[in-house]
Amino acid sequence: MSVLCVDDVRKTFAGGEAPVEAVRGVSLGLEAGDFVALMGPSGCGKSTLLHLCGAMERPSSGRILVEGADVSTLDDDALTRLRRERIGFVFQFFNLLPTLTVLENAALPLSLAGHGLREAESRARALVARVGLEHRAGHYPQQLSGGEMQRASIARAVVHEPALLVADEPTGNLDSDNGARILELLAELNAGLGITIMLATHAIETATVAKRVVRMLDGRLADAT
Amino acid sequence: MIAGPLRAARSWAALFRRFIIRRLAGERLRTAVTVLGIALGIAVVVAIQLTNASSVRGFEAAVESIAGRTSLEIASPGPGFDELLLNDLGWLRAYGSVSPVIEGDALAVTPDGARESVRVLGVDVLEDRSIRDYDLLDFASGDRQPRPQEFLELLVDPRTVIITGKFARRHELAVGSDIDITTGDTVARYRIRALLEDQGPARALDGNFVLMDIAAAQLAFQRLGRLDRVDVRLADGVSVDGAETAIRERLPEGLLVRRPDRRSQQVEKMLAAFHFNLTALSYIALLVGLFLVYNTVSISVIARREEIGTLRALGASRRAVLALFLAEAATLALAGCALGIVLGRLLAEGTVRITSTTVDTLYVATAAQPVPLGLRHILLAFGIGMPLALLSAAVPALEASRVAPNAAMRGSDRLELRFRLRVRTLALPPALFALGWWLSTLAPVGGYPVGGYAAALAIVLGAAFLVPGVLFAVCRAGERILARVFGIEGRLATANLGAAIPRISISVAALAVSLSMMVAIAVMIGSFRETVIHWIDQTLQADLFVRPATRTNIATESTLSPEVIAAASALDGVVAVETYRSFDIPYGDGTIILGSSDFRQEVVRRKLAFKSPPDGAAAFASARDGRGAVVSESFSIKFGCGVGDPVVLPTPRGERQFRIDGVFFDYSSDRGAVIIDRAAFNELFGVSAPTNLLVYLDEGVDPDVARQQLIDATGSSHRIFVYTNARIRAEVLRIFDSTFAITTALEIIAIFVAILGVASTLLTLVIERRRELAVLRLVGADRRQVRKMVVIEATVLGGVSQAIGIGVGLLLSLVLIFVINVQSFGWTIQFRLPVAFLLQSTALILVATALAGIYPARRACAIDAPEQTVEE
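Every chain is numbered on its own, with residues counted from 1 as its sequence reads. As they are written, the chains are lettered A onward and the ligands numbered 1 onward, keeping that order. The model is predicted, so local features are restricted to residues of pLDDT at least 70 and side-chain atom pairs to those at 80 or more, both for listing and for counting; the totals for chains, interfaces and linings are taken over all residues.

## Points about the overall build of chain B
- Strands are runs of DSSP state E lasting at least two residues, helices are runs of H or I lasting at least four, and both sets are numbered from the N terminus onward. In terms of helices and strands, chain B carries 28 helices and 21 strands.
- For chain B, the spread of C-alpha atoms along the three principal axes comes to 100 × 70 × 50 Å.
- Residues are called buried when their C-beta atom has 20 or more other C-beta atoms within 10 Å, exposed when it has 12 or fewer, and partly exposed otherwise; all C-beta atoms are positioned from the backbone. The buried share of chain B, reckoned over its 872 residues, is 51%.
- For chain B, the proportion of contacts with a sequence separation of at least 24, taken over those separated by at least 6, is 84%. Distance between backbone-placed C-beta atoms decides contact: two residues are in contact if it is within 7 Å.

In structure tokens, the structure reads:
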């Protein structure tokens, strides 16, 4: 079953003097259970493509279908709903809410989707345990190490059982040990829960954990392995 | 050597222009809100200064214009003195020119139907021309001024007057026209014999000046055989100080010598407490406005951490960064002060109008025009606004200067530490409240309630330090409750606020302080109103209250004629008619009201409510021997005296000592009043015409019918105000309400500015949390949820501010009622809790702060999620 279908997508940003075309006619498909690493140097457009696939932005032209829903035709509320229900995010800088505990952070997508606090926290607790942070559930982000913060953000990204997990340089702000553990966790979630993962990175060792590597250069796909 | 610093200054100025000014210009709305906040604060201060000055200046200008070249005045402590005394004052001429004077307020009704208050001066023009200038318009075809004999002939008929050209032009009057002038309660028609040019006394009161012969004025004001004063113009080379001392030594008992400006000084002193309280109140809005400066500079610093980091990395010193943000505050304050001065002048038109009823009714009639804006007011605005704005910006500017270059650029210093409550934070408020308690027990300093205001300040500071603790408790306790009521948005709102306590405390404190002032003033006014209603129930017992139409305030020397008293006595169903006379006399270094009534009747009617002894009849009975007096509570408190103490009054027969037999409650004047029995009064002051008349009717007689009968009986030859009991009660409350209208107006401005502060704080929080808000949006929060969260935050801030405002406001109201009011005005007020007002204001504040949250909420929704969450 196709989770993500990217069809001749372009994204142009209005620049200072001339518009900047960050993504230039990319086509790509991800099936359920895929784990794709998007690689390329800085400025190649991989983050923009990731944002488009994560329904953070609409393409300038072309189509992006997430489980059949066309991102380019959805309004802001519908995009929000899509993200809330079908997509999970992991960021380089973790982006946990500092005012919420690990458990509350992990439960957030469920709470925002209207689940009761008790139910949301109960489901989140299971995920927090799965990422190895059971003993840290009541702690605030600033009390955690970088690796722990990223594990908490992964728990938050998958608590609502998304069809697609979008990870932008998830190890970019971690040392190699912690980075390796995060990649293991992602591989385990992909294998265990069948979550489709699209990961952007510029590090070759990060890409090795993926089932497929897609390279980008100057806004286009260079090749696919 | 000089080139280095000069170059550094130039490059800093360029940086300021590019880094700060461009940003201010770009963020127009936020800049405008801040400038408006400062401007409103400054405007209120300037408006109150102009208002206060106008009430004194109006009186002063009239005194100065009419005084002319008068160096000294000979007067009596009471309402004038016997003109025969003039025979014993022949020696005064050795010092210069001398002119006896009758002066009074009157009501002119012109043929065009206009009614205007006028000041009447009665003089012997031949003697007076050496003291005042009377140049006539168009006399003898305009080619010359009248010779003394010709001038005398103009006014030889007692029904002739000279008015000003300005007044004549305004009402299309001319030489030969007739004008009705009411003096006291008596209306008489006068013929205009000449018009004065706009100079000398004609400049007084915008031309509302009438010149009469002294004999005509004595007749008009029922002062036959009496003089109000004798004006003296000292001969060239005679020292005023020396002459004043020498004349004082030679004057017979009961007369005094003073400079004309002494009267203005007395008015200033009389209004001092009223003005002092208005000034204190006007600073609240400014205080609140300055919180906006803090907020705006905070926003700049927070929103631009990375940029500041870059500047620091590129070599900008800490000092240069500090100076940039202080200069931002200075720029905002400069614009705010300039706009505030203009707004203040406009606002003054309104504040003069609002306060003029109080000043005119309770103190002295003045021209209700704001004084022109002077350099003094401009200096005041900038002198207060600029340093305070810099002080307000100091904390965020220092924060900016401490931004580390690398940390800011990496963004790793963004994770906030959760707020922890310190013991010091908890211990400070009770300590400050205790200090307030102690300060409130101190005696006044120079008649001003300095301790009371210091106590209020300590309480306000205590309230400000209370804010973090209360916010902490509310966020902790409210976490579950708000989550249950509002869902995840409620939970997020309390979490956000809990983490931002240090950031929001100042804004909440500003709003809480404004609200506490509002509560305190509402409680004070409500309690005062209830007290006054209770007081008028006890004291206003007569069925009709009569006064001359020209007696527009307590201090006006207008009396009722025997015809009016006779007409009142002859009304159908009259049980009794009582007369009351009062006027101002000098006492201490100010003036008090001396009144007289028939104590035999007072024993029967018991009109006054007594503080001590509780039985007023006993006080009056005791004071009937002519050596006793009853005094008002404000007199007793101001001069620190009570029952059994002596009070020495200046009289035309020299100083007389009275024994205080009773202290009564009196809310009609804060100057202090002494009432003595009619017999002793007439003997000492030699006057008997009353200023007020009270008529008691049989039960069953309709007061409205009796009122109309009295007006009909006095006919068109008399002009009086007759109030029924119900009407005078309404009138008392009308004056009461108008007195506090200014208080309410100033409070509304302060609260408006404080709510701007809340909006501005929320905007700070939104900008500060833009990454978290972006994450929220990415993990699925829709716009409605983000909006709801920010509006809940705004409402919680409003609720916490109002809760603190009510608690602290009640404390402040105790200081206002039992310390500041007692020390300023000498009034006892019974404490009453206005429950309905507190509920209404709470609802209003919650709605207002929720509305204030809408704009920051919209900004929160507009945050670009990918841009904020992804950094490559």
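## Observations regarding the overall build of chain A
- Helix and strand counts for chain A stand at 7 helices and 10 strands.
- Here the globule rule reads 2.2 Å times residues to the power 0.38, and the radius of gyration is calculated from C-alpha atoms. Taking 225 residues into account, the globule formula puts the C-alpha radius of gyration at 17 Å, and chain A, at 17 Å, falls close to it.
- Every one of the 225 residues in chain A was classed for burial, and the buried ones make up 53%.
- Considering only contacts in chain A between residues 6 or more positions apart, those separated by 24 or more positions represent 68%.

## Some words on the interface of chain A and chain B
- Across the contact, 30 residues belong to chain A and 27 residues belong to chain B.
- Elements that contribute at least two residues to the side of chain A that touches chain B include exactly α1 (46–53), α2 (76–86) and α3 (102–112) of chain A.
- Ranked by residue count, the leading element in the side of chain A that touches chain B is α2 of chain A, at 5 residues.

## Section: helix α19 (residues 616–623) of chain B
- Taken together, the buried positions of α19 of chain B are Gly616, Ala619, Phe620 and Ala623 of chain B. Taken around the axis of α19 of chain B, the buried residues stretch over an arc of 95°, which confines them to a single face. To obtain the arc, one takes the directions from the helix axis to the C-beta atoms.

## Section: the nonpolar core
- Within the largest apolar cluster, 228 residues are counted, with the highest numbers of intra-cluster contacts made by Leu38 and Ala155 of chain A together with Val293 of chain B.
- Other than its neighbours up to four places away in sequence, alanine 155 of chain A contacts Ala106, Ala124, Leu127, Val128, Val131 and Leu133 of chain A.
- Membership of the second largest hydrophobic core comes to 57 residues, among which are Val118, Tyr190, Val232 and Ala243 of chain B. When buried Ala, Val, Leu, Ile, Met, Phe, Trp, Tyr and Cys residues are joined through C-beta atoms within 7 Å, the set is termed a nonpolar core.

## Topic: the pairing of strand β16 (residues 628–632) of chain B
All names here are of chain B.
- Burial runs high along β16: 5 of the 5 residues are buried.
- Side chains of β16 alternate between two faces, with Gly628, Val630 and Ser632 and Ala629 and Val631 buried alike.
- Two strands pair when backbone bridges link them, and β16 and strand β18 (residues 654–664) are joined in this way by 5 bridges, in the parallel orientation. Residue valine 630 lies in a different strand from β18, and its bridge partner there is glycine 662.
- Examined bridge by bridge, β16 and strand β19 (residues 673–677) share 3 bridges and lie antiparallel to one another. Pairing of alanine 629 across the sheet is with isoleucine 676, part of β19. Whether two strands pair depends on DSSP finding at least two bridges between them.

## Considerations on the sheet that holds strand β4 (residues 61–66) of chain A
Residue and element names in this part refer to chain A.
- Taking strand neighbours across the sheet as the criterion, the 4 strands line up as β2-β1-β4-β5 in an open arrangement whose pairing is antiparallel. Both edges of this open sheet fall to β2 (20–31) and β5 (69–70), since each of them pairs with a single strand only.
- With 9 bridges joining them, strand β1 (residues 2–13) and β2 adopt antiparallel strand pairing. Paired with serine 2 across the bridge in β2 is glutamate 31.

## Structural notes on the environment of alanine 333 of chain B
Residues and elements named next belong to chain B.
- Note that alanine 333 resides in helix α10 (residues 318–363).
- Between the alpha carbons of alanine 333 and alanine 500 there is a distance of 27 Å; along the sequence they are 167 residues apart.
- Residues within four places of alanine 333 in sequence aside, it is in contact with Ile38, Val293, Gly385, Met386 and Ala389.

## Description of the pairing of strand β6 (residues 87–90) of chain A
All names here are of chain A.
- Burial along β6 is two-sided: the residues Ile87 and Phe89 and Gly88 and Val90 are all buried.
- Sheet analysis places β6 next to strand β7 (residues 164–168), joined by 4 bridges and oriented parallel. By the bridge assignment for β7, isoleucine 87 is matched with leucine 164.

## Some thoughts on the packing of helix α25 (residues 783–825) of chain B against helix α27 (residues 854–861) of chain B
Residue and element names in this part refer to chain B.
- Interaxial distance between α25 and α27 falls to 8 Å at its minimum, and their mutual angle equals 145°. Judged by the twist between their axes, the crossing of α25 over α27 is right-handed. Two secondary-structure elements touch here, α25 through Arg783, Val786, Arg787, Val790 and Val791 and α27 through Ile854, Pro856, Ala857, Ala860 and Cys861.
- Polar here means any residue outside two lists: the nonpolar Ala, Val, Leu, Ile, Met, Phe, Trp, Tyr, Cys and Pro, and the charged Asp, Glu, Lys and Arg; Gly therefore counts as polar. When the residues that make up the contact of α25 with α27 are grouped by side-chain class, the tally is 8 nonpolar, no polar and 2 charged. The angle between two axes is taken between their N-to-C directions and runs from 0 to 180 degrees, where each axis is a line fitted to C-alpha atoms and a helix contributes only its stretch in contact. Note: crossing handedness is left-handed where the near helix turns anticlockwise from the far helix by less than a right angle, and right-handed where it turns clockwise.

## Looking at unusual backbone geometry
Residue and element names in this part refer to chain B.
- Across the junction of serine 612 and proline 613, the peptide omega takes the value -10°, indicating a cis bond.
- Structurally, the position occupied by proline 613 is in the loop between β15 (610–612) and α19.
- One non-glycine residue, glutamine 222, lies in positive phi territory at about 55°.
- Within the secondary structure layout, glutamine 222 lies in the loop between α6 (214–220) and β9 (226–227).
- Judged by the 19 C-beta atoms lying within 10 Å of it, glutamine 222 falls in the partly exposed class.

## Section: α25 of chain B
Residues and elements named next belong to chain B.
- Fitting axes to the seven residues that end at a residue and to the seven that start at it, the angle between those axes gives the bend at that residue. Leucine 816 marks where α25 bends most, by close to 35°.
- Judged by how many residues are buried, α25 sits mostly within the fold: 34 of 43 residues are covered.
- Looking one or two residues beyond α25, the residue adopting positive phi is glycine 826, at roughly 75°.

## A short note on the environment of leucine 137 of chain B
Residue and element names in this part refer to chain B.
- By the element assignment, leucine 137 lies in the loop between α3 (125–128) and α4 (148–154).
- C-beta crowding within 10 Å serves as the criterion here: with 16 such atoms nearby, leucine 137 is assigned to the partly exposed category.
- Discounting chain neighbours no more than four positions away, the residues touching leucine 137 are Gly165, Leu195, Leu196 and Glu197.

## Overview of the environment of phenylalanine 35 of chain A
Residue and element names in this part refer to chain A.
- Positionally, phenylalanine 35 belongs in strand β3 (residues 35–39).
- The exposure class assigned to phenylalanine 35 is buried, which follows from the 20 C-beta atoms found within 10 Å.
- Along the sequence, phenylalanine 35 and alanine 207 sit 172 residues apart, while their C-alpha atoms lie 9.8 Å from each other.
- With sequence-adjacent residues up to four places away left out, phenylalanine 35 is seen in contact with Asn190, Ile197, Ala210 and Lys211.

## So, the packing of helix α16 (residues 501–539) of chain B against helix α26 (residues 835–852) of chain B
Residues and elements named next belong to chain B.
- Put simply, α16 and α26 touch, their axes get as near as 11 Å, and they point 155° apart. In terms of their interaxial angle, α16 and α26 are classed as roughly antiparallel. In the crossing of α16 with α26, the sense of the turn from one axis to the other is right-handed. Between α16, through Leu515, Met518, Val519, Ala522 and Gly526, and α26, the contact on the second element is made entirely by Phe837, Leu838, Ser841 and Ile845.
- Here the contact of α16 with α26 is composed, by residue class, of 7 nonpolar, 2 polar and no charged. Should an angle lie under 35 degrees it is considered roughly parallel, over 145 roughly antiparallel, and from 65 to 115 roughly perpendicular; all remaining angles are considered oblique.

## Some thoughts on the confidence of the model for chain A
- Confidence along chain A averages 87 in pLDDT terms, with 97% of residues attaining 70 or more.
- Model confidence for chain A, summarised as mean pLDDT per element, is weakest for strand β10 (residues 220–224) of chain A at 76 and strongest for β4 of chain A at 93. Values of pLDDT, which run from 0 to 100, indicate the predictor's confidence residue by residue.

## Quick word on the confidence of the model for chain B
All names here are of chain B.
- Averaged over all residues, the pLDDT of chain B is 82; the fraction at 70 or higher stands at 91%.
- The secondary structure element of chain B with the lowest average pLDDT is helix α12 (residues 405–410), at 54, and the one with the highest is β16, at 92.
- Predicted confidence for residues 408–417 stays below pLDDT 50, and this span has 20 contacts to residues more than four positions away or in other chains.
- We note a pTM of 0.72 for the whole complex and an ipTM of 0.77 for its interfaces.

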